[in-house]
Amino acid sequence: MKYFDTAIFIIFLVFGLLSSWYLLFASKNKKNTLMGISVLILTIGEAFPLIARIIAGYSTSDISSFTKAATTISYVTTALFLLLLFHVLFATKKEVSSHTNSAIFVYLLTLISIVLAFFPLENYFLNEGKIAPVMIYLLRSISYVLTSLILFVLYIKHRRDAKFTLTFIYILVAICSSVVAKCSGVLNFLDYFIYLEYLAYGLIIFDFIRNKNTTIVYKKKTKPVFIECSEDY
């Protein structure tokens, strides 16, 4: 199984790096640049826990410190990835300013995610049972799930076409699968959700490339028109 894991993870990392390079240098508009940066951040961030997982499969050495640091990096880069997706969704200052409340909420959730990534939650779960690390993962993941839901709702509410709908569904699947996979300490089979997580991330990247020249069309806000009627009418 370790050889299968190694192959899958290396393919994902190479695909992510090449795709980010393509989006960054083969396109000229802001949306594509943001997509390229988001893919690069995601790939670099996920490289650390994946490398730790690969090393653990081949080595008997204690790499718990590296695994912990790698997980922290992954939490931070995931938060930044979702933040950049908000700006992919609303690429111009005018679009962002028209959704100020949503922007504030997304930035606040990003800040909470980063703080929780570094906050020593382990000190507050002193029991040695299996539930302690799971509770820590769940607490750190709530903000990611909320941010993903907000992005999905914003897109569905404001878009006028469905070209990026699958992208935001894949985001939800990836984040939720990541949360479930981290609960494998309770049920071992949940670890298989990691494959669904990286499949969804791969599909997000593929969708970015497929839609790199697509403009997200939003519904226009229309003002009500009042017609005055004469008394005779």
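Above this text is the structure in question.
Residues numbered from 1 in each chain as written. Predicted model: local features only at pLDDT ≥ 70, side-chain atom pairs only at ≥ 80, totals over all residues. Heavy atoms only, no water.

1. Some words on the overall build of the protein chain
In terms of helices and strands, the protein chain carries eight helices and zero strands. For the protein chain, the sequential pattern of α-helices and β-strands runs α-α-α-α-α-α-α-α. When each of the 233 residues of the protein chain is scored for burial, the buried share is 45%. Taking all contacts inside the protein chain whose residues are at least 6 apart in sequence as the whole, residues at least 24 apart take part in 71%. Of the accessible surface of the protein chain, which amounts to about 13,300 Å², a share of 70% is contributed by carbon and sulfur atoms. (Helix = DSSP H or I, 4+ residues; strand = E, 2+ residues; numbered from the N terminus. Buried < 20%, exposed > 50% of the residue type's maximum accessible area, 1.4 Å probe, protein only. Contact = heavy atoms within 4.5 Å. Areas by Shrake-Rupley, 256 points an atom, 1.4 Å probe, with all protein chains shown as cover.)

2. Considerations on the pattern of salt bridges
Within this structure, the stated rule accounts for three salt bridges. Here Asp191 ties to Arg53 by a salt bridge, and the two come within 2.6 Å at their closest N and O atoms. You can see Asp191 sitting in the loop between helix H7 (165-181) and helix H8 (193-210) and its partner Arg53 sitting in helix H2 (residues 30-58), a full 138 residues away along the chain. Look at Asp191 and you get partly exposed, because its relative accessible area is 25%. Residue Arg53 is classed as partly exposed on the basis of its relative accessible area of 24%. Salt bridges here are not isolated pairs; linked through shared partners, they connect Asp5, Arg53 and Asp191. (Salt bridge = Lys/Arg side-chain N within 4 Å of Asp/Glu carboxyl O.)

3. Overview of a nonpolar patch on the surface
The grouping of Leu17, Ile44, Phe48, Ile51, Ile55, Phe66 and Ile73 at the surface amounts to a nonpolar patch, some 520 Å² of accessible area in total. Listed by contribution, the elements that provide at least two residues to the nonpolar patch are H2 and helix H3 (64-89). The element contributing the most residues to the nonpolar patch is H2, with four residues. (Patch = residues over 30% accessible without salt bridge, like charges linked within 9 Å, V, L, I, M, F, W, Y side chains within 5 Å.)

4. So, the nonpolar core
If you look at the biggest cluster of nonpolar residues, it comprises 47 residues, and the most contacted ones within it are Leu82, Tyr201 and Ile204. Those elements that place two or more of their residues in this core are helix H1 (2-25), H2, H3, helix H5 (100-118), helix H6 (131-158), H7 and H8. Here this core gets eleven residues from one element, more than from any other, and that element is H3. With sequence-adjacent residues up to four places away left out, Leu82 is seen in contact with Tyr144, Thr147, Ser148, Leu151, Ile171 and Ile175. (Core = buried A, V, L, I, M, F, W, Y, C linked by side-chain atoms within 4.5 Å.)

5. Regarding the environment of Leu151
Structurally, Leu151 can be placed in helix H6. You can call Leu151 buried: its relative accessible area is 0%. Sequence-wise, Leu151 and Val106 are 45 residues apart; in three dimensions their C-alpha atoms are separated by 8.7 Å. Contacts of Leu151, omitting those with residues within four sequence positions, involve Leu82, Leu85, Phe86, Leu89 and Phe168.

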